[in-house]
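Close look at the chain arrangement
The chain contents come next:
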Amino acid sequence: MEARAIIAELRQGKMPDERSFNWFAQGLADGSVSDAQAGAFAMAVCWRGLDTEARSALTRAMRDTGDVFRWELDGPVLDKHSTGGVGDCVSLVLAPALAACGAYVPMISGRGLGHTGGTLDKLEAIPGVSTQVTEDQLRAIVAKTGCAIVGASAGIAPADKRLYAIRDVTGTVESLDLITASILSKKLAASPDALILDVKVGSGAFMKSTEDARALAEALTQTAQAAGCACSAMITDMNQPLAASLGNALEIAETMRTLSGADGPLVEISVILGGRLLADCGLAQNEATGQSAIRAAIKSGAARDRFVSMLIELGAPEDFGAGWQGYLPDAPVKIPVPAPRSGFVAAINGEALGHAVVRLGGGRLVESDHIDPSVGVSALLRLGQAVESAAPLAVVHAATQETGAAAVRSVQAAITVAETAPPLTPLVYERVG
């Protein structure tokens, strides 16, 4: 085994065998494969592509360079992954709802990436909360509350951490095969019995076309299934934010309102995804009964209780459930965004909105940036809503008048107001797997 031979095979369009991928992944993890060799490997995969068998072998090899959990629980272990969007706090609603239905959800999540918000950054907007836990702490929280939304430890898929950094500087981030291996090497390390994938498409997503989203959904589901995990995917709409708020503390507030009984797209997409998962793992007879169970868990407050219990285990104040409004940071400057004319909200550029929140301080331009959890955008109108001239399209939450005024201009430019309302799009476009 040597790196040069494996890279040469890939460059010639040949598929290395499982033993070769295992060797190369271990070399990524322990440093015996150089940065130059890792970059050449990523470029060869990006250029030539992998077939389903080879993609699955690479994913399993990267997973097995680190810790792989084994569970002894009295219910199925479930997980969900989103490819990223704006105003997307579905994980915060769905994980506790699944736990309230008898499942266990150890959800390894990430931080903000580009224009999209990070689940861990949202949780850490709550005073005291830390999402970095040990394996023993993760196991204890999952056993006690049914769900734990945490960051990946250094022991989870170290080969992926190395290869991801190489991809970022070699222009190979967009490789479908490497994206699949990166996502699933971490997700499969948690050994879920069933996994649901929320593949976003639209103006606020990384995938702008249904064709690209479908290709990713098919690669992910095929690879997960080949690894022995029941897996389905939904291609869902991200032409507007799911929640009416963007920003870390603002999305926690949106989550708490949703779990306290408010209706809206967050509930509907959680019900759809959760219903599929409960059917896949056998906790529901079929998808319809699974959807009913998720909706009941949210409406009854059982999901809210699970969420608050999880937060307290992660360090939130003991009385967070009763007094959450007083604990969330509040931006000192709030400025309405006036509509430029009367009409209907005809289009929303989700990516532009996400970048506006990042520039307010709600995300990172570079890895070392400090996040201001209080800033963002709230009360965002939805597609098709009528609005009068100068009436608010949204409200900007900012640290200063200067940054707030700049964000108002950005938000106003990101929202199109027209004379007629646009046709409504479904929440779910396609189901895969």
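Conventions and cut-offs
- Residues numbered from 1 in each chain as written.
- Predicted model: local features only at pLDDT ≥ 70, side-chain atom pairs only at ≥ 80, totals over all residues.
- Heavy atoms only, no water.
- Helix = DSSP H or I, 4+ residues; strand = E, 2+ residues; numbered from the N terminus.
- Rg over C-alpha atoms; globule rule 2.2 N^0.38 Å.
- Buried < 20%, exposed > 50% of the residue type's maximum accessible area, 1.4 Å probe, protein only.
- Contact = heavy atoms within 4.5 Å.
- Lys, Arg positive; Asp, Glu negative; His and termini not counted.
- Charge placed at Lys NZ, Arg CZ, Asp CG, Glu CD.
- Pairing = 2+ DSSP bridges.
- Axes fitted to C-alpha atoms, helices over the stretch in contact; angles between N-to-C directions.
- Right-handed = clockwise from strand over helix to strand, strands pointing away.
- Salt bridge = Lys/Arg side-chain N within 4 Å of Asp/Glu carboxyl O.
- Core = buried A, V, L, I, M, F, W, Y, C linked by side-chain atoms within 4.5 Å.
- Polar contact = N/O pair within 3.5 Å; in protein donor to acceptor, adjacent residues only side chain to side chain.
- Parallel < 35°, antiparallel > 145°, perpendicular 65-115°, else oblique.
- Left-handed = near helix turned anticlockwise from the far one by under 90°.
- Nonpolar A, V, L, I, M, F, W, Y, C, P; charged D, E, K, R; others polar.

Brief notes about the overall build of the protein
The secondary structure content of the protein amounts to 17 helices and twelve strands. Computed over C-alpha atoms, the radius of gyration of the protein comes to 22 Å, within 12% of the 22 Å expected from 2.2 N^0.38 for 433 residues, which places it in the range of a compact globule. Considering only C-alpha atoms, the protein reaches an extent of 65 × 45 × 40 Å along its principal axes. For the protein, the proportion of its 433 residues judged to be buried stands at 55%. Expressed as a percentage of contacts within the protein between residues at least 6 apart in sequence, the contacts between residues at least 24 apart total 78%. On the protein, the mean spot of the 35 positive side-chain charges and the mean spot of the 47 negative ones are 2 Å from each other.

Brief notes about the sheet that holds strand S11 (residues 415-418)
Read from one edge of the open sheet, three strands run S9-S7-S11, paired in antiparallel fashion. At either end of the open sheet lies a strand with only one pairing partner, and these are strand S9 (386-387) and S11. Pairing of strand S7 (residues 343-348) with S11 involves four bridges; the strand directions are antiparallel. For Ile348, the partnering residue across the bridge sits in S11 and is Ile415. Docked against the sheet, helix H17 (residues 401-414) engages S7 and S11, running at close to 50° with respect to S11.

Thoughts on the pairing of strand S5 (residues 230-237)
With seven of its eight residues buried, S5 lies for the most part within the structure. With eight bridges joining them, strand S4 (residues 194-201) and S5 adopt parallel strand pairing. Across the sheet, residue Lys200 finds its bridge partner in S5, namely Thr236. On the question of chirality, the crossover connecting S4 to the parallel S5 by way of helix H10 (residues 210-226) is right-handed. Both S5 and strand S12 (residues 428-432) contribute to a ladder of four bridges, which runs antiparallel. Bridging from a neighbouring strand, Met234 pairs with Arg431 of S12.

A short note on the pattern of salt bridges
Here the structure, examined in full by the defined rule, presents 21 salt bridges. For Glu18, the salt bridge identified is with Arg60, shortest N-O distance 3.7 Å. Residue Glu18 is found in helix H2 (residues 18-30), and its partner Arg60 is found in helix H4 (residues 52-63); the two are separated by 42 residues along the sequence. By relative accessible area, Arg60 is classed as buried at 19%. Within the structure, one salt-bridge network assembled from shared partners comprises Arg276, Asp280, Glu287 and Arg431.

Some details on the sheet that holds S12
Overall, mixed pairing links the four strands, which are arranged S1-S4-S5-S12 in an open sheet. This sheet does not close on itself; its edge strands, each paired only once, are strand S1 (78-82) and S12. Along the sheet, successive strands turn relative to each other by an average axial angle of 20°, direction set aside. Here S1 runs beside S4; their pairing, made up of five bridges, is parallel. Bridge assignment links Leu78 to a residue of S4, and that residue is Ala194. Packing against the sheet, H10 makes contact with S4, S5 and S12, and its axis sits at approximately 165° to S5.

Considering the environment of Val105
By the secondary structure assignment, Val105 is in strand S2 (residues 105-109). For Val105, a relative accessible area of 0% puts it in the buried group. For the pair formed by Val105 and Val142, sequence separation is 37 residues and the distance between their alpha carbons is 6.8 Å. Each residue touching Val105, except ones within four places of it in the same chain, is listed here: Leu78, Ala95, Leu98, Ala99, Val142, Gly146, Cys147 and Ala148.

So, the nonpolar core
Leu98, Leu123, Met310, Phe320, Leu393 and Val411 are the most contacted members of the largest nonpolar core, which totals 96 residues. Setting aside its immediate chain neighbours within four residues, Val411 contacts Val337, Leu353, Ala356, Val377, Ala394 and Val396. Grouped together as the second largest cluster of nonpolar side chains are 25 residues, Ala3, Ile7, Ala61 and Ala159 included.

So, the side chain of Thr236
Here Thr236 is to be found in strand S5. Polar side-chain contacts of Thr236 include one of 2.5 Å to the side chain of Asp198. A distance of 3.4 Å separates a polar atom in the side chain of Thr236 from a polar atom in the side chain of Lys200. In contact with Thr236, not counting residues within four places along its chain, are Asp198, Val199, Lys200, Val201, Ile269, Leu427, Val428 and Tyr429.

Description of the packing of helix H8 (residues 158-170) against helix H9 (residues 176-187)
Packing of H8 against H9 brings their axes to within 10 Å, and their N-to-C directions diverge by 150°. Judged on the interaxial angle alone, H9 and H8 are roughly antiparallel. Every pair of crossing elements has a handedness; the one defined by H8 and H9 is left-handed. Counted together, Asp160, Leu163, Tyr164 and Arg167 of H8 and Leu178, Ile179, Ser182, Ser185 and Lys186 of H9 form the full contact between these two elements. Each residue belonging to the contact of H8 with H9 can be placed in one class, and the counts come to four nonpolar, two polar and three charged.

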